[in-house]
Amino acid sequence: MSFDFPTFLVAATLLTGGIWLLDALLFAPKRRRRAATSAAGKGASAQSGGYKEPVLVEYARSFFPVILVVLLLRSFLVEPFRIPSGSMMPTLLVGDFILVNKFAYGLRWPVLNKKFLDLGAPERGDVMVFRFPRDESIDYIKRVIAVPGDRIYYRDKTLYVNGEPLEQSPLGDYVGDNGKPTGLIEAVEQVDDEHEHKILINPRTGDFPRSCSVLARGPVTVPEGEYFVMGDNRDNSNDGRCWGFVPDENLVGKAFAIWMSWDGNRDGLPIAFDRIGDVVH
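Notes on the structure follow. Per chain, residue numbering runs from 1 following the sequence as it is written. Since the coordinates come from a predicted model, pLDDT governs what is reported: local features require at least 70, and pairs of side-chain atoms require 80 or more to be given and counted, while whole-chain, interface and lining totals use all residues. The side-chain quantities take in all heavy atoms of the structure and omit both hydrogens and water.

Ordered by their spatial adjacency, four strands build an open sheet running β9-β8-β7-β13, and the pairing between neighbours is antiparallel. In this open sheet, the two edge strands, each paired with only one partner strand, are β9 (164-165) and β13 (220-221). Two strands pair under a simple rule: DSSP has to find at least two bridges between them. By definition, any uninterrupted DSSP run of H or I lasting at least four residues is a helix, any uninterrupted run of E lasting at least two residues is a strand, and each is numbered from the N terminus.

A pair of cysteine sulfur atoms is labelled a disulfide when the two atoms are within 2.5 Å. Overall, the coordinates contain one disulfide when judged by the stated rule. Covalently, Cys212 is tied to Cys242 through a disulfide, its sulfur atoms 1.7 Å apart. Measuring handedness by torsion sign, the sulfur bridge of Cys212 and Cys242 sits at about 75° and is right-handed. In this pair, Cys212 sits in the loop between β12 (196-201) and β13 while Cys242 sits in helix α3 (residues 240-243), placing the two residues 30 residues apart along the sequence. No difference in accessibility class separates Cys212 from Cys242, as the two residues are buried. Working definition: with a 1.4 Å probe on protein chains only, accessible area under 20% of the residue-type maximum means buried, over 50% means exposed, and in between means partly exposed.

A few words now on the side chain of Thr158. Looking at where Thr158 falls in the secondary structure, it is placed in strand β8 (residues 158-161). Given a relative accessible area of 18%, Thr158 falls into the buried group. Apart from the residues lying within four places of it in its own chain, the contact partners of Thr158 are Tyr153, Pro165, Leu166 and Gln168. When checking whether two residues touch, look at their non-hydrogen atoms; a contact exists if any pair is within 4.5 Å.

Moving on: the environment of Pro54. Relative to the helices and strands, Pro54 resides in the loop between α1 (5-41) and α2 (55-76). A C-alpha to C-alpha distance of 9.7 Å links Pro54 and Ala28, two positions 26 residues apart in sequence.

Turning next to the nonpolar core. By nonpolar core is meant a set of buried Ala, Val, Leu, Ile, Met, Phe, Trp, Tyr and Cys residues that side-chain atoms within 4.5 Å join together. One finds Met128, Phe130, Val229, Trp243, Val246 and Leu251 to be the most contacted residues of the largest nonpolar core, which totals 15 residues. When residues of this core are traced back to their parent elements, those giving at least two are β5 (127-131), β6 (139-146), β14 (226-230) and α3. Among residues more than four places away in sequence, those in contact with Phe130 are Ile138, Asp139, Tyr140, Ile141, Lys142, Val229, Trp243, Val246, Asn250, Leu251 and Val252.

Stacked, edge-to-face and tilted labels apply to pairs of Phe, Tyr and Trp rings (six-membered ring for Trp) whose centres lie within 6.5 Å, assigned for plane angles under 30 degrees, over 60, and everything in between, in that order. For the coordinates displayed, the defined rule picks out 14 aromatic pairs. Seen in terms of ring centroids, Trp20 and Phe64 are 5.8 Å apart; in terms of plane orientation they differ by 70°. Their pairing is edge-to-face. Residue Trp20 is found in helix α1, and its partner Phe64 is found in helix α2; the two are separated by 44 residues along the sequence. Measuring from centroid to centroid gives 6.1 Å for Tyr59 and Phe63, while their planes differ by 10°, and the two rings are stacked. Of this pair, Tyr59 and Phe63 are both found in helix α2, four residues apart, which corresponds to roughly one turn of the helix. What makes Tyr59 exposed here is its relative accessible area of 51%. Taken together, the aromatic side chains of Phe130, Phe132, Tyr140 and Trp243 make up a single cluster linked through ring pairs.

See below:
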């Protein structure tokens, strides 16, 4: 069972903040009055700090600001994610830890995931994190191929957007971490005049993984308010070819940087220092 961290953060913020507020409004004034009365009866001057705060309230007061800051940062600014599969190779590798811009596609309430401030929309070529339409408890990361109104087609390992093929420039065989060819072809795909990214193609397979038939019958138009996504590892990706489109309400954010890369197959330290700080294109 997956752990719902956003719900935990919201619940912890409400709990600690509620305890602190309730004590400040109802119980702290009574403790201060009792402390003042006791001090006066003993002939000593009452002081504001002359009473003991309950341990529960002390912990709530200490943790509330920290939890609140984490909640705000994670919900509205930046959220970290870990790459669990190779569907976005060679752009992102298994073990990469990435940072995702949470306000690029508008601000949304945590847990409810309802947009309350529209700041932008995905563009072709963006590497996007979203909640998987078939199981919204799972976060997916893919590349935006087409936006609302685009007509998308895929044949012979080539993408066609609005009737125009996306140009590919082959780079040769893709070499794995062990220094041996993988049987995959690495290429640079041109989204437009300014944006390009690397992809992997398996020349020994068909255009569509098994049971992936969204584009098999011909061009498809992306519906309003939805997006079509694919993995850069074109022949090893569970993407829009298999299950369709990503609704706007499922968007999480735009990946923009790698802050850590953990490769357990490396000799020596498992940290791939050469990937740390790389910008996600």
